[in-house]
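What the coordinates show
Here's the letter readout for the chains.
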Amino acid sequence: MPGGRLTQSERQQIALGLADGLAYAEIARRLDRPTSTVTREVMRNGGPTAYRADLAHRATERRAHRRRQAAPRGPQASPQAHGRDAEAVREYEETLTVVLMQSGTPKMMARVMACLMTSDAGSLTASELVQRLQVSPASISKAVAFLEEQGLVRRERDERRRERYVIDDDVWYQSMMASVRGTAHVAETARQGVGVLGAGTPAAARLENVARFLDFVSESLARAADQAREVLHTRPVTPPDDTAEPSADR
């Protein structure tokens, strides 16, 4: 499988594939690339309806140029924690951002979420986010305000009185329960239409079926989320130290 950045020719093939209505996986198969590479390429360059190969290629060159200018040089470059591959981490953050965007999260909010999710502490300051994402403080402030309103991020002060933005381990449970409440509300509204349209009519029967379906789905999701909630709080198990000297006592 070829590695490295997409070429202009490959981007033209992606554009042709999108025009033909091909799925990302099929386009990726024809290019012998991972599906995630094609998905990320399309989503960060206008989406499937607005993707243009020439514009995408120029935008990628501009982003690479900005990264080279912003990257610290020489011995000042900060090493990655736990011996991680810095380029692999960056690529993964971009992939995670695309997936969050596909789920409906706006782009800048998705980028902030990805940064917080991939930080070991689960929290970052505004200045740290500005440095990592190379955007303005105003962009970070707007993104955090949106995420805070959605209950996905909260603010706290650290020991140096700096404001930190925190993503809790429980955030996905809370997000799931918010979805459950929204689905239950749609079900309730659909059921109200039965009385308005007249029980026994085709339209009322359709709405009643929708309500029953959504009731089942929301109840199942709530039950599953409650049962699996503790999984979100599982801590990593420290592997044994195989290099330790054996005990002299037998």
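The rules behind these values
- Residues numbered from 1 in each chain as written.
- Predicted model: local features only at pLDDT ≥ 70, side-chain atom pairs only at ≥ 80, totals over all residues.
- Heavy atoms only, no water.
- Helix = DSSP H or I, 4+ residues; strand = E, 2+ residues; numbered from the N terminus.
- Contact = heavy atoms within 4.5 Å.
- Areas by Shrake-Rupley, 256 points an atom, 1.4 Å probe, with all protein chains shown as cover.
- Pairing = 2+ DSSP bridges.
- Axes fitted to C-alpha atoms, helices over the stretch in contact; angles between N-to-C directions.
- Phe/Tyr/Trp six-rings, centres within 6.5 Å; stacked < 30°, edge-to-face > 60°.
- Lys NZ or Arg CZ within 6 Å of the ring centre and 35° of its normal.
- Salt bridge = Lys/Arg side-chain N within 4 Å of Asp/Glu carboxyl O.
- Buried < 20%, exposed > 50% of the residue type's maximum accessible area, 1.4 Å probe, protein only.

**Topic: the overall build of the chain**
The helix and strand inventory of the chain stands at 10 helices and 3 strands. Look at the contacts in the chain between residues 6 or more apart in sequence, and 53% of them connect residues 24 or more apart. Carbon and sulfur atoms provide 54% of the accessible area of the chain, an area that totals close to 16300 Å².

**Overview of the sheet that holds strand β1 (residues 123-125)**
As summarised here, the arrangement of the 3 strands in space is β1-β3-β2, forming an open sheet in which the pairing is antiparallel. If you trace the sheet from one side to the other, it starts and ends with β1 and β2 (154-157), each paired once. Going from strand to strand, the sheet's axes swing by 35° on average, the running direction of each strand aside. Note: β1 against strand β3 (residues 163-166), 3 bridges, orientation antiparallel.

**With respect to the pairing of β3**
Pairing of β2 with β3 involves 4 bridges; the strand directions are antiparallel. In the sheet register, R157 faces β3, and the bridge partner there is E163. Linking β2 to β3, which pair antiparallel, is a turn of 5 residues; within it R161 sits at a positive phi near 65°.

**Focus on the packing of aromatic side chains**
What describes a pair of aromatic rings is the distance from one ring centre to the other and the angle between the planes of the rings. For the coordinates displayed, the defined rule picks out 0 aromatic pairs. Taking the ring centre of Y173 as reference, the NZ or CZ of R229 above it sits at 3.9 Å.

**A short note on the pattern of salt bridges**
Considering all chains together, one arrives at 17 salt bridges under this definition. E91 is paired through a salt bridge with R40; the nearest N and O atoms lie 2.8 Å apart. With a gap of 51 residues between them, E91 in helix α5 (residues 86-102) and R40 in helix α3 (residues 35-43) connect regions that are remote in the sequence. With a relative accessible area of 11%, R40 lands in the buried category. Overlapping salt bridges bring together R40, R90, E91 and E94 as one network.

**A look at unusual backbone geometry**
At D32, a position not held by glycine, the phi torsion is positive, near 60°. By the element assignment, D32 lies in the loop between α2 (24-31) and α3. If you check the backbone angles, Q134 has positive phi at about 55° while not being a glycine. One can find Q134 in the loop between α7 (126-133) and α8 (137-149). Exposure remark for Q134: the relative accessible area of 51% places this residue in the exposed category.

**Side note on the side chain of H57**
Its location among the elements puts H57 in helix α4 (residues 53-70). Setting aside anything within four residues of it in sequence, one finds H57 in contact with L6, T7, Q8 and R11.

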